[in-house]
Amino acid sequence: MNGMKTETLRVNEIFYSLQGEGWWTGTPAVFVRLAGCNLRCPFCDTDFSRSVPMSLDHVLAEVTRLAGECRHVVVTGGEPSLQINEAFVRAFHEAGFLLHLETNGTRPLPEGIDWVTLSPKEDWQPLGTVVLEKADELKLVFTGQDADRWLSFPADHYFLQPCSGKNTKEVVRYVLDHPRWSLSLQIHKLLDIR
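Note that the coordinates shown come from a computational prediction; the quantities given were computed from them, not determined experimentally.

**Regarding the side chain of Thr117**
Alright, step 1. The residue Thr117 is located in strand 6 (residues 115-118) in this model.
Alright, step 2. Only 3.5 Å separates the side chain of Thr117 from the side chain of Trp115, close enough to count as a polar contact.
Alright, step 3. The contact partners of Thr117, leaving out residues within four places of it in the chain, are His100, Leu101, Glu102, Thr103, Glu137 and Lys139.

In structure tokens:
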């Protein structure tokens, strides 16, 4: 495909659905969930025990097949920054996709990503471990911590999300008391879709 360098990625799954969280909630997207992470959060929704080795060409072909007219790709994990690089970004841009990355922010990202969601893991990752300088949105899973300290991180949008839906009322109260935050619900789970 266009002379792309063939690299092997460890892919957990690729699927087409609606974005269920943050700024893009309700928007169709193809999700590329990569395996592997440098953190081990107990609420993570990725099954790290399974992954399939796929070339970049194969990943792009599968995304293109699933996408139809949709041009939005969300790369998530695990931690995508462990695997993606400039060739990955370039390949998706050349194919006409908007590339959206969800990251814990502990590793540098390749240039050219269209939308970055920083999702820091408060209890496993202090503020000082974030190496990103900015993000389009910051989405924090709320576990009762002082979330407002993350408001000093440069982002255009700040979302607070219940932890696995177990503390939604507490998060609603926090957002009402701290109006720089917006509520992010995992609507894909509420709708029982992927």
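**Points about the pairing of strand 7 (residues 135-142)**
Alright, step 1. Across the eight residues that make up strand 7, a large majority, eight, are buried.
Alright, step 2. Pairing analysis gives two bridges linking strand 6 to strand 7, with the strands arranged parallel. Paired with Leu118 across the strands is Leu138, a residue of strand 7.

**What to know about the sheet that holds strand 4 (residues 72-76)**
Alright, step 1. Across the sheet, nine strands lie side by side as 3-1-2-4-5-6-7-8-9; this open sheet has mixed pairing. Of all strands in the sheet, those with a lone pairing partner are strand 3 (52-55) and strand 9 (182-183), marking the two edges.
Alright, step 2. By the bridge criterion, four bridges tie strand 4 to strand 5 (residues 98-103) in an arrangement that is parallel. Residue Val75 lies in a different strand from strand 5, and its bridge partner there is Leu101.

**Structural notes on helix 1 (residues 56-67)**
Alright, step 1. Look at helix 1: 16 Å from first C-alpha to last across twelve residues, which is about the 16 Å you get at 1.5 Å a residue.
Alright, step 2. All buried positions along helix 1 are accounted for by Leu56, Asp57, Val59, Leu60, Val63 and Ala67. End-on, the buried residues of helix 1 take up no more than an arc of 165°, which puts them together on one face.
Alright, step 3. As for helix 1, its buried residues are in contact with strand 1 (8-18), strand 2 (28-34), strand 3, strand 4 and helix 2 (86-94).
Alright, step 4. Looking one or two places after helix 1, you find Gly68, whose phi comes out positive at around 55°.

**Thoughts on the packing of helix 1 against helix 2**
Alright, step 1. The interhelical angle for the contact between helix 1 and helix 2, taken along N-to-C directions, is 35°, at an axis separation of 11 Å. Here helix 1 and helix 2 pass one another in a crossing that is right-handed. Residues Leu56, Val59, Leu60 and Val63 of helix 1 form the contact with helix 2, whose own contacting residues are Ala87, Phe88, Ala91 and Phe92.
Alright, step 2. Split by residue class, the contact of helix 1 with helix 2 holds eight nonpolar, no polar and no charged.

**Describing the pattern of salt bridges**
Any two side chains of opposite charge can pair, on the condition that their charged atoms come close.
Alright, step 1. For the coordinates displayed, the defined rule picks out three salt bridges.
Alright, step 2. Its salt-bridge partner being Arg33, residue Glu13 comes within 3.1 Å of it at the nearest N-O pair. Taken together, the positions of Glu13 in strand 1 and Arg33 in strand 2 put the pair 20 residues apart, joining distant regions of the chain. When sorted by exposure, Glu13 lands in the same class as Arg33, which is buried.
Alright, step 3. Glu21 is paired through a salt bridge with Lys139; the nearest N and O atoms lie 2.3 Å apart. Linking Glu21 in the loop between strand 1 and strand 2 with Lys139 in strand 7, this pair joins segments that are 118 residues apart in sequence. Summarising the burial analysis for this pair, Glu21 and Lys139 share the class buried.

**A few points about the environment of Ala155**
Alright, step 1. Looking at the secondary structure, you find Ala155 in strand 8 (residues 155-162).
Alright, step 2. Spatially, the C-alpha atom of Ala155 lies 9.9 Å from that of Lys139, the residues being 16 residues apart in sequence.
Alright, step 3. Excluding anything up to four places from it in sequence, Ala155 contacts Ala135, Asp136, Glu137 and Leu138.

**Description of a nonpolar patch on the surface**
Alright, step 1. Together, Val172, Leu176, Leu183 and Leu185 make up a nonpolar patch on the protein surface, roughly 320 Å² of accessible area in all.
Alright, step 2. Within the secondary structure, Leu183 is located in strand 9.
Alright, step 3. With relative accessibility at 35%, the residue Leu183 sits in the partly exposed group.

**Concerning the nonpolar core**
The nonpolar side chains of soluble globular proteins are, as a tendency, buried together.
Alright, step 1. Core analysis: the biggest nonpolar cluster contains 44 residues, and Val59, Val63, Val75, Phe92, Leu138, Leu160 and Trp181 have the highest contact counts within it.
Alright, step 2. Look past the residues within four positions of Leu138 in its chain and what remains in contact with it is Leu118, Pro120, Trp150, Phe153, Ala155, His157, Tyr158, Phe159 and Trp181.

Calculation rules
Residues numbered from 1 in each chain as written. Predicted model: local features only at pLDDT ≥ 70, side-chain atom pairs only at ≥ 80, totals over all residues. Heavy atoms only, no water. Helix = DSSP H or I, 4+ residues; strand = E, 2+ residues; numbered from the N terminus. Polar contact = N/O pair within 3.5 Å; in protein donor to acceptor, adjacent residues only side chain to side chain. Contact = heavy atoms within 4.5 Å. Buried < 20%, exposed > 50% of the residue type's maximum accessible area, 1.4 Å probe, protein only. Pairing = 2+ DSSP bridges. Expected span 1.5 Å × (residues − 1). Arc of directions from axis to C-beta. Axes fitted to C-alpha atoms, helices over the stretch in contact; angles between N-to-C directions. Left-handed = near helix turned anticlockwise from the far one by under 90°. Nonpolar A, V, L, I, M, F, W, Y, C, P; charged D, E, K, R; others polar. Salt bridge = Lys/Arg side-chain N within 4 Å of Asp/Glu carboxyl O. Patch = residues over 30% accessible without salt bridge, like charges linked within 9 Å, V, L, I, M, F, W, Y side chains within 5 Å. Areas by Shrake-Rupley, 256 points an atom, 1.4 Å probe, with all protein chains shown as cover. Core = buried A, V, L, I, M, F, W, Y, C linked by side-chain atoms within 4.5 Å.

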